[in-house]
Amino acid sequence: GRAGGVRARNLKSRQPDAVEEYFAPAIVSNVGATNTYLQLLPQEVPIPFRDDLEQYISQHSPATNVSLYVGFADSPEKLGFHGENHWIYADFKHEPIPQQSDQLLQGQPQHIYMSFPSLKDPEHAKPTAELLSMAEYDAFAPWRSQTWQHRDKHYQELKQQIQQGLIETVEKHYPGFADLVAYAELSTPLTNEHFTNHPQGAIYGMPYSAARLAP
């Protein structure tokens, strides 16, 4: 009548069906309400709010994003960065940001969140940064059926254009940034979806609204 452990496939094993079991007196799911209640638990398990949860998710689009992971040839401290986070906006009106994917896809991001994880660690080996910009899932949905790392050239070209736009935008505000970039790799909402299984690559779990707080 209760769960006693977790059974998982070992994706790194040479055996295709390698299964490992882990037992514990208490099991906590931290994969979000959608995955926990609508995917991990079988349909026959009685969940009094299942219908409400499904309806809410169908009516609200989650927040998702692109992320550019940057490796530097030299420390960004020479440009004045010391581990703080930076927000770059093209306009004071922040409300329309989630609907500005068109500009992002054209290499003209309207906002960027920039963080320097390595500079927060005094023992870091190599300096790094992350550039994040909100996006709409539908802009990347045409490639959803293609597998990770094997999507077509049009997807790769789109990623390259977004990447270039992110770096160029930061360069306008912090001259010299682009010259420090030695490596960069972009993830999209499809990447989020692939690794976390969150619907539409949601980065904050279920979408937030006043309706969510009521129940």
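Residues numbered from 1 in each chain as written. Predicted model: local features only at pLDDT ≥ 70, side-chain atom pairs only at ≥ 80, totals over all residues. Heavy atoms only, no water.

1. A short note on the nonpolar core
Reasoning step 1: Counting residues in hydrophobic clusters, the biggest one holds 29 residues, and the most contacted among them are Leu68, Leu131, Phe140, Ile162, Leu166 and Phe177.
Reasoning step 2: Elements supplying a minimum of two residues to this core: strand E3 (64-72), helix H3 (101-105), strand E5 (111-115), strand E6 (128-135), helix H4 (153-173), helix H5 (177-180) and strand E7 (181-187).
Reasoning step 3: Here the element with the most residues in this core is H4; it accounts for 6 residues.
Reasoning step 4: Sequence-distant contacts of leucine 131, that is, excluding residues within four places in its chain, are made with Val66, Ser67, Leu68, Ile112, Tyr113, Met114, Leu166, Val170 and Phe177. (Core = buried A, V, L, I, M, F, W, Y, C linked by side-chain atoms within 4.5 Å. Buried < 20%, exposed > 50% of the residue type's maximum accessible area, 1.4 Å probe, protein only. Helix = DSSP H or I, 4+ residues; strand = E, 2+ residues; numbered from the N terminus. Contact = heavy atoms within 4.5 Å.)

2. Some details on unusual backbone geometry
Reasoning step 1: With a phi angle near 65°, asparagine 197 is a residue other than glycine that sits in the positive phi range.
Reasoning step 2: Relative to the helices and strands, asparagine 197 is located in the loop between helix H6 (189-196) and helix H7 (210-213).

3. A closer look at the packing of aromatic side chains
For any pair of aromatic rings, the description consists of the separation of the ring centres together with the inter-plane angle of the planes.
Reasoning step 1: Under the definition given, this model contains 9 aromatic pairs.
Reasoning step 2: Consider the rings of tryptophan 148 and phenylalanine 195, whose centres lie 5.0 Å apart with planes at 80°: the pair is edge-to-face. Here phenylalanine 195 lies in helix H6 and tryptophan 148 lies in the loop between E6 and H4, a separation of 47 residues in the sequence.
Reasoning step 3: Overall, the relative accessible area of 33% leaves tryptophan 148 in the partly exposed class.
Reasoning step 4: On the basis of relative accessibility, which here comes to 53%, the residue phenylalanine 195 falls in the exposed class.
Reasoning step 5: Between the NZ or CZ atom of arginine 151 and the centre of the ring of tyrosine 155, over which it lies, the distance is 5.3 Å.
Reasoning step 6: The ring of tyrosine 208 carries arginine 212 above its face, with NZ or CZ at 4.1 Å from the centroid. (Phe/Tyr/Trp six-rings, centres within 6.5 Å; stacked < 30°, edge-to-face > 60°. Lys NZ or Arg CZ within 6 Å of the ring centre and 35° of its normal.)

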